[in-house]
Amino acid sequence: MNGADTGFVLISAALVMLMTPGLALFYGGMVRTKSVLNMLMMSFISLGIVTVLWVLYGHSIAFSGDLGGFMGNFDMIGMKGVNPDSLMENFAGEKIPVLAFSLFQMLFAVITAALMSGALADRVKFSSWMVFIALWVTVVYFPVAHWVWGGGWLAKLDPAVIDFAGGTAVHINAGVGALAAVLVVGKRVGFKKDPMRPHNMPLVLLGTALLWFGWFGFNAGSELGVDGTTATMALNTQVATGAAMLGWLIYERIRHGAFTTLGACSGAVAGLVAITPSGGNVNVFGAMLIGVVAGAVCSWAVSLKFKLGFDDSLDVVGVHLVGGILGTLMVGFLAINGTGGLDQFISQLTGAGAVIGYTFVVTLILAFAIQKTIGFRATEDDEVGGIDQAQHAETGYDFSGVASSGSSVSATVPATPAQSKKVDA
Amino acid sequence: MKLITAVVKPHRLDEIKEALQAFGVQGLTVTEASGYGRQRGHTEVYRGAEYTVDLVPKIRIEVLVEDDDAEQLVDVVVKAARTGKIGDGKVWAVPVETAVRVRTGERGPDAL
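Criteria and cut-off values
Residues numbered from 1 in each chain as written. Chains lettered and ligands numbered in written order. Predicted model: local features only at pLDDT ≥ 70, side-chain atom pairs only at ≥ 80, totals over all residues. Heavy atoms only, no water. Pairing = 2+ DSSP bridges. Helix = DSSP H or I, 4+ residues; strand = E, 2+ residues; numbered from the N terminus. Expected span 1.5 Å × (residues − 1). Polar contact = N/O pair within 3.5 Å; in protein donor to acceptor, adjacent residues only side chain to side chain. Patch = residues over 30% accessible without salt bridge, like charges linked within 9 Å, V, L, I, M, F, W, Y side chains within 5 Å. Areas by Shrake-Rupley, 256 points an atom, 1.4 Å probe, with all protein chains shown as cover. Salt bridge = Lys/Arg side-chain N within 4 Å of Asp/Glu carboxyl O. Contact = heavy atoms within 4.5 Å. Buried area = accessible area lost by both parts, 1.4 Å probe. UniProt positions renumbered as here; feature names shortened; annotations may be inferred. Core = buried A, V, L, I, M, F, W, Y, C linked by side-chain atoms within 4.5 Å. Buried < 20%, exposed > 50% of the residue type's maximum accessible area, 1.4 Å probe, protein only. Disulfide = S-S within 2.5 Å. Axes fitted to C-alpha atoms, helices over the stretch in contact; angles between N-to-C directions. Lys, Arg positive; Asp, Glu negative; His and termini not counted. Parallel < 35°, antiparallel > 145°, perpendicular 65-115°, else oblique. Left-handed = near helix turned anticlockwise from the far one by under 90°. Nonpolar A, V, L, I, M, F, W, Y, C, P; charged D, E, K, R; others polar. Charge placed at Lys NZ, Arg CZ, Asp CG, Glu CD.

## A look at the pairing of strand 3 (residues 42-46) of chain B
All names here are of chain B. Summarising the sheet, strand 3 and strand 4 (residues 49-53) pair through five bridges and their orientation is antiparallel. Opposite E44, over in strand 4, you have Y51 as the bridge partner. Between the end of strand 3 and the start of strand 4, which pair antiparallel, lie two residues, with R47 showing a positive phi angle near 50°.

## Observations regarding helix 9 (residues 228-256) of chain A
The end-to-end C-alpha distance of helix 9 of chain A is 41 Å, a good match for the 42 Å that 29 residues give at a rise of 1.5 Å each. Backbone nitrogen of A:T229 and a side-chain oxygen of the N-cap are separated by 3.0 Å at the start of helix 9 of chain A; the cap is A:D227.

## Comments concerning a nonpolar patch on the surface
A contiguous nonpolar patch, built from A:V52, A:V55 and A:L56 and spanning about 220 Å² of accessible area, is present on the exposed surface. Tracing the backbone through its elements, the reader meets A:V52 in helix 3 (residues 46-63).

## Quick look at the interface of chain A and chain B
Listed by partner, the interface residues are 18 residues for chain A and nine residues for chain B. Taking both sides of the interface into account, the surface hidden between chain A and chain B amounts to around 1,100 Å²; carbon and sulfur atoms contribute 61%. Interface area lost by chain A to chain B is led by A:R197, A:H256 and A:L262, which between them contribute 43%. There are two salt bridges connecting chain A and chain B.

## Details of the UniProt feature "modified residue: O-UMP-tyrosine" (unreviewed entry) in chain B
Mapped onto this structure's residue numbering, the UniProt feature "modified residue: O-UMP-tyrosine" (unreviewed entry) falls at B:Y51. Mapped onto the fold, B:Y51 is located in strand 4. Aside from chain neighbours lying at most four places away, what touches B:Y51 is A:P195, A:M196, A:R197, B:H42, B:T43, B:E44 and B:Y46. At 3.4 Å, the side chain of B:Y51 forms a polar contact with the backbone oxygen of A:M196.

## Some thoughts on the nonpolar core
Counting residues in each nonpolar core, the largest one holds 111 residues, and the members touching the most others are A:F26, A:Y27, A:L120, A:W129, A:F132, A:Y141 and A:F218. It is helix 5 (residues 126-149) of chain A that provides the largest number of residues to this core, a total of 14 residues. Apart from residues lying up to four places away in sequence, A:W129 is in contact with A:M42, A:I45, A:A113, A:M116, A:S117, A:L120, A:V124 and A:F376. Counting 16 residues, the second-largest nonpolar core is a separate cluster that includes B:I4, B:A6, B:V8 and B:A81.

## Focus: the state of the cysteines
Residue and element names in this part refer to chain A. Following the criterion strictly, the structure yields zero disulfides over all chains and no others. Of the cysteine sulfurs around C265, a residue in no disulfide, the closest is that of C298, at 15 Å. Under the relative-accessibility criterion, C265 is labelled buried at 3%.

## Some thoughts on the pattern of salt bridges
All names here are of chain A. What the rule picks out here adds up to 13 salt bridges over all chains. As a salt-bridge pair, D122 and R32 come within 2.8 Å of each other at their nearest N and O atoms. Taken together, the positions of D122 in the loop between helix 4 (98-115) and helix 5 and R32 in the loop between helix 1 (3-30) and helix 2 (36-44) put the pair 90 residues apart, joining distant regions of the chain. Of the two residues, D122 and R32, both sit in the buried class.

## A few points about the sheet that holds strand 1 (residues 2-8) of chain B
Residue and element names in this part refer to chain B. Across the sheet, four strands lie side by side as 2-5-1-6; this open sheet has antiparallel pairing. Of all strands in the sheet, those with a lone pairing partner are strand 2 (29-35) and strand 6 (89-95), marking the two edges. This sheet shows a mean twist of 20° between the axes of neighbouring strands, independent of strand direction. With seven bridges joining them, strand 1 and strand 6 adopt antiparallel strand pairing. Residue pairing across strands places K2 opposite P95, the latter belonging to strand 6.

## Points about the side chain of B:R12
Residue and element names in this part refer to chain B. Here R12 lies in the loop between strand 1 and helix 1 (13-23). Buried within the structure, R12 lacks any salt-bridge partner; E15 is the closest side chain of opposite charge, at an N-O distance of 4.2 Å. When neighbours within four sequence positions are excluded, R12 is seen to be in contact with A80, A81, R82 and T83.

## So, the environment of A:Y57
Residues and elements named next belong to chain A. Mapped onto the fold, Y57 is located in helix 3. On the basis of relative accessible area, Y57 is assigned to the partly exposed category, the value being 21%. Distance from Y57 to M79, taken between C-alpha atoms, is 7.7 Å for residues 22 residues apart in sequence. Ignoring sequence-local partners within four residues, the contact set of Y57 consists of I77, A134, T138 and F142.

## Brief notes about the packing of helix 13 (residues 316-334) of chain A against helix 14 (residues 342-372) of chain A
Residues and elements named next belong to chain A. In the contact formed by helix 13 and helix 14, the axes pass within 7 Å of each other and the chain directions differ by 160°. Taken together, the axes of helix 13 and helix 14 lie roughly antiparallel to each other. Of the two possible hands of crossing, helix 13 and helix 14 adopt the one that is right-handed. Contacts between helix 13 and helix 14 pair L321, I325, T328, L329, V331, G332 and F333 from the former with Q344, F345, Q348, L349, A352 and I356 from the latter. Looking at the contact of helix 13 with helix 14, its residues break down into nine nonpolar, four polar and no charged.

## Things to note about the packing of helix 1 of chain A against helix 4 of chain A
Residues and elements named next belong to chain A. Running from amino to carboxyl end, helix 1 crosses helix 4 at an angle of 15°, the nearest separation of the two axes being 8 Å. On the basis of their axis angle, the class for helix 1 and helix 4 is roughly parallel. The two elements helix 1 and helix 4 meet at a crossing, and its hand is left-handed. Between helix 1 and helix 4, the contacting residues are T6, V9, L10, S12, A13, V16, M17, M19, T20, L23 and Y27 on the first element and A100, F101, L103, F104, L107, F108, V110, I111, A114 and L115 on the second. Grouping the amino acids of the contact of helix 1 with helix 4 by side-chain chemistry returns 18 nonpolar, three polar and no charged.

## A look at the side chain of A:T6
Note on placement: A:T6 falls in helix 1. When residues no more than four places from it in sequence are discounted, the contact partners of A:T6 are A:M1, A:K95, A:I96, A:P97 and A:A100.

## Concerning a negative patch on the surface
Together, B:E66, B:D68, B:D69 and B:D110 make up a region of like negative charge exposed at the surface. Looking at the element boundaries, B:D69 is found in helix 2 (residues 67-81).

Set out below in structure tokens:
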């Protein structure tokens with residue numbers, strides 16, 4: 001076993017873990033005061049649900065064997081047969097524990113599911129959201145991860161799809177999933193009429209910073225070891241992200257006359273997304289170009305929701321889908337080490353197209369099934385009054401004024417569980 | 001007696017307080033307020049979506065004074081509140097029928 005590589009993968013896994021709460025803060029700051037906790041929780045809950053499903057069967061579906069290129073088999077259900085001494089080869093041919101790889105990949109699944117939550121801000125039942133992401137990772141994420149990284153059909157294309165750290169499996173996947181879910185769930189009450197200003201921009205910047213920091217593990221960690229490619233990926237991650245922040249801000253300054261904080265944060269995230277599939281395969285100027293283009297194009301793309309009339313509340317489609325597609329396609333032309341060119345571009349196009357098609361249709365069916373059975377949306381009263389109070393029996397902030405001092409302070413533990421208020425419809 | 005009410009920019013509070021003290025005013029009431037005048041509010045941009053914020057933050061200062069001092073005091077407040085930029089606010093005076101000091105029950109000018 002190679003200790004350095006193993007150590008790096010474990011630290012990278014911990015960095016990727018931090019991205020999900022970072023994402024929660026990024027999203028949480030962008031919603032209104034009355035629904036900040038729900039937004040945080042919709043992302044955060046993924047760390048519970050997807051973690052458990054991953055060890056039960058996710059790892060097996062993604063990385064054990066191969067059934068027709070579509071998914072893995074069930075030989076590793078419950079991590080069967082894997083023990084601390086089980087080793088696998090990384091890209092450098094060094095041995096690392098399968099469990100380290102599994103933990104790293106688990107956290108990719110966690111954040112992919114969490115990414116979709118931003119599109120459905122303020123308006124879905126929390127219970128239905130939990131059911132949705134459990135089903136979604138099962139039938140969408142785990143198989144698609146197998147396609148790209150588990151030896152599935154996209155990995156078998158000639159030339160194979162380049163997806164270093166998840167442009168297709170993570171960002172296009174989450175972006176399309178979000179779009180399909182939004183089309184079923186519908187718009188927030190008051191979309192395009194009521195102001196829905198972000199309530200806490202410092203929180204957005206803090207979340208962005210945590211995402212950026214964690215992304216080094218996400219991208220560089222995907223080499224599964226420590227070598228020149230790892231360093232390339234880490235450097236490119238930084239370069240593309242910085243360039244994308246500038247790209248977004250310049251576009252915004254021209255179009256809207258100000259360098260906004262949300263623009264800087266959104267641009268950074270767009271750059272991180274776009275460099276994800278390609279970072280190990282381009283040089284530093286390729287990374288810079290990918291960053292600037294992603295920043296400017298995503299900035300333009302987020303305005304589409306108002307034109308097209310779908311309420312992708314926090315621009316998951318505009319940033320992750322568009323950024324993911326850009327990065328996935330641009331690597332086709334910009335790839336160094338002899339892999340670029342038209343053939344590669346066609347492979348990239350096939351990969352992006354396949355994930356878009358599969359994920360869109362399956363997510364649409366899933367979301368529709370949930371809508372028709374247990375109901376996806378919260379009631380209009382709960383949505384307007386604030387989903388935090390209705391779904392979580394909490395509020396994010398205590399703005400105690402005269403009006404809120406009337407509540408009596410009594411023993412807060414109910415005498416019997418049956419008397420406790422039912423908070424989840 | 002007169003009630004002087006000033007709805008002005010929040011950052012002028014200290015100047016106004018000092019001016020009132022220099023004039024000899026014993027007490028005042030300050031309330032956070034919001035509103036707009038002819039300039040309306042401002043526009044904020046989040047990811048290209050523009051939000052018009054009509055109501056801008058103001059403070060309301062209220063002072064009770066004797067009739068003879070009212071005109072002069074209005075001028076004092078106006079002078080202290082003025083920045084010369086748009087949105088400086090308004091000051092007005094209205095007659096007050098009665099005022100009572102709660103602690104002692106004194107009425108009228110004695111209560112000020």
